[in-house]
Amino acid sequence: MSLRQYEYALAVAEEGSVTAAAELLHVAQPSVSQQIRGLERELGVTLFARTPSGLVPTVVGRAFLREAEIAVNAARRARATARAGADELVGELVVAAQMGFGTRQLPGALGALRHRFPRLEVTVFEEPSYAEMERLCRRGVLNLALMAACERSPADAHHLGDEEFVVVLGAGHRLLAADRVELRELEGEPWVRFDRDSALDAVLLNVLRDNALTPNTVARASQTATAVRWAAHGLGVTLVPASAVPHGHEHLARPVSPVVSQPVIAVLRHGTGPAETALLELLRKESWSESAFFSPVS
């Protein structure tokens, strides 16, 4: 078996046909067919079943492809590490960012990384839950995770800074007159919350409980920008990291008292390569203080 065969099998699984896989890989169709047949003969199993909608991995095929993906990604990282020099960094970097955290800092760091290393391919997943983060880690495809600190955070996680949370109010809301909103003044307000398994909703629920506020939920959003827009239109109030407030909505956001903040960490895969190290250093240079980019307008 070879890594090329693994790559061909993964391409067929992704595209659903040998023809489309060949186009994706920029090779001749017979070459892909031959490699897949050879792989199946060597393994003694059928990796793909033909269906009306195309080629679909069999049960055994799915299990094999999971391991093949890990092997291919490991090989890519090894090549990138070997070829990385002082002035060049190539290969693939896969990053997962927990919803709402590092919303403004991560793009800046990634932009600087791509400017410095234009041949580096970067893929970013915005994942709302710890479960999704763990799934990507188990698959072996994740290089760096940007997330809120929690009880399960690894001991070797890198603390980048603290995200201060702000409440977003509807236009004309009575509390917009204040520079900082007392949480107790939000009693009776309807809330726009987040997916139940997200870190953001866990923070919000703890804040409501700690301040003896009733969680009167009127809507749940899967993205911070959506929650802010709904709050701006008066559906309810919401609580988000200050960096997650979209441009044009800052005038509707206010810091809260008592202050609500959450440590943000970066978790790197074992066997850290030069790409992860470079991104970590760029993230450290980003400003993580709320006052650096958020200034409420009275």
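Relevant structure appears above.
Residues numbered from 1 in each chain as written. Predicted model: local features only at pLDDT ≥ 70, side-chain atom pairs only at ≥ 80, totals over all residues. Heavy atoms only, no water.

**Describing the packing of aromatic side chains**
In step 1: In this structure the tally under the stated criterion is two aromatic pairs.
In step 2: Where Tyr-6 meets Phe-64, the ring centres are 5.5 Å apart and the plane angle is 80°; that geometry is what we call edge-to-face. Here the residue Tyr-6 occupies a position in helix H1 (residues 3–15), and Phe-64 occupies one in helix H4 (residues 59–83), the gap between them amounting to 58 residues. Of the two residues examined, Tyr-6 and Phe-64, each falls in the buried class. (Phe/Tyr/Trp six-rings, centres within 6.5 Å; stacked < 30°, edge-to-face > 60°. Helix = DSSP H or I, 4+ residues; strand = E, 2+ residues; numbered from the N terminus. Buried < 20%, exposed > 50% of the residue type's maximum accessible area, 1.4 Å probe, protein only.)

**A short note on the pairing of strand S6 (residues 158–168)**
In step 1: Across the 11 residues of S6, eight count as buried, placing the element largely inside the fold.
In step 2: Pairing of S6 with strand S12 (residues 261–268) involves six bridges; the strand directions are antiparallel. In the strand pairing of S12, Glu-163 is matched with Gln-262.
In step 3: Across four bridges, the pairing between S6 and strand S10 (residues 238–241) is antiparallel. What sits directly across from Phe-165, in S10, is Pro-241.
In step 4: As paired strands, S6 and strand S11 (residues 253–257) are joined by three bridges and run antiparallel to one another. The partner of Val-167 across the bridge, within S11, is Arg-254. (Pairing = 2+ DSSP bridges.)

**Structural notes on the pattern of salt bridges**
In step 1: In this structure the tally under the stated criterion is seven salt bridges.
In step 2: Its salt-bridge partner being Glu-250, residue Arg-104 comes within 3.6 Å of it at the nearest N-O pair. Taken together, the residues Arg-104 in the loop between strand S3 (91–98) and helix H5 (105–116) and Glu-250 in the loop between S10 and S11 connect sequence positions 146 residues apart.
In step 3: Judged by relative accessible area, Arg-104 falls into the partly exposed class, the value being 28%.
In step 4: A relative accessible area of 18% means that Glu-250 is categorised as buried.
In step 5: In this structure, Arg-269 engages Glu-276 in a salt bridge whose closest nitrogen and oxygen atoms are separated by 2.5 Å. For the residue pair Arg-269 and Glu-276, the accessibility class agrees, reading buried in each case. (Salt bridge = Lys/Arg side-chain N within 4 Å of Asp/Glu carboxyl O.)

**Brief notes about unusual backbone geometry**
In step 1: Cis geometry is found at the peptide bond from Ser-257 to Pro-258, where omega equals 0°.
In step 2: The backbone phi angle of His-26 is positive, close to 60°, even though this residue is not glycine.
In step 3: Residue position: His-26 is located in the loop between helix H2 (18–25) and helix H3 (29–43).
In step 4: His-26 sits in the exposed class, given a relative accessible area of 72%.
In step 5: Located in the positive-phi region is Ala-212, a residue other than glycine, with phi close to 55°.
In step 6: Structurally, Ala-212 is set in the loop between helix H7 (199–210) and strand S9 (217–221).

**Some words on the nonpolar core**
In step 1: With 59 residues, the main nonpolar core has Leu-113, Leu-186, Leu-239 and Leu-279 as its most contacted residues.
In step 2: Contacts of Leu-113, omitting those with residues within four sequence positions, involve Leu-93, Leu-120, Val-122, Ala-278, Leu-279 and Leu-282.
In step 3: Counting 18 residues, the second-largest nonpolar core is a separate cluster that includes Tyr-6, Ala-22, Leu-39 and Phe-48. (Core = buried A, V, L, I, M, F, W, Y, C linked by side-chain atoms within 4.5 Å. Contact = heavy atoms within 4.5 Å.)

**Some thoughts on the side chain of Asn-143**
In step 1: With respect to the element layout, Asn-143 can be found in the loop between helix H6 (130–139) and strand S5 (144–148).
In step 2: By relative accessible area, which is 3% here, Asn-143 ends up buried.
In step 3: Looking at Asn-143, its side chain comes within polar contact range of the main-chain nitrogen of Val-94, at 2.6 Å.
In step 4: Engagement of the side chain of Asn-143 in a polar contact is seen with the side chain of Glu-276, the distance being 3.3 Å. (Polar contact = N/O pair within 3.5 Å; in protein donor to acceptor, adjacent residues only side chain to side chain.)

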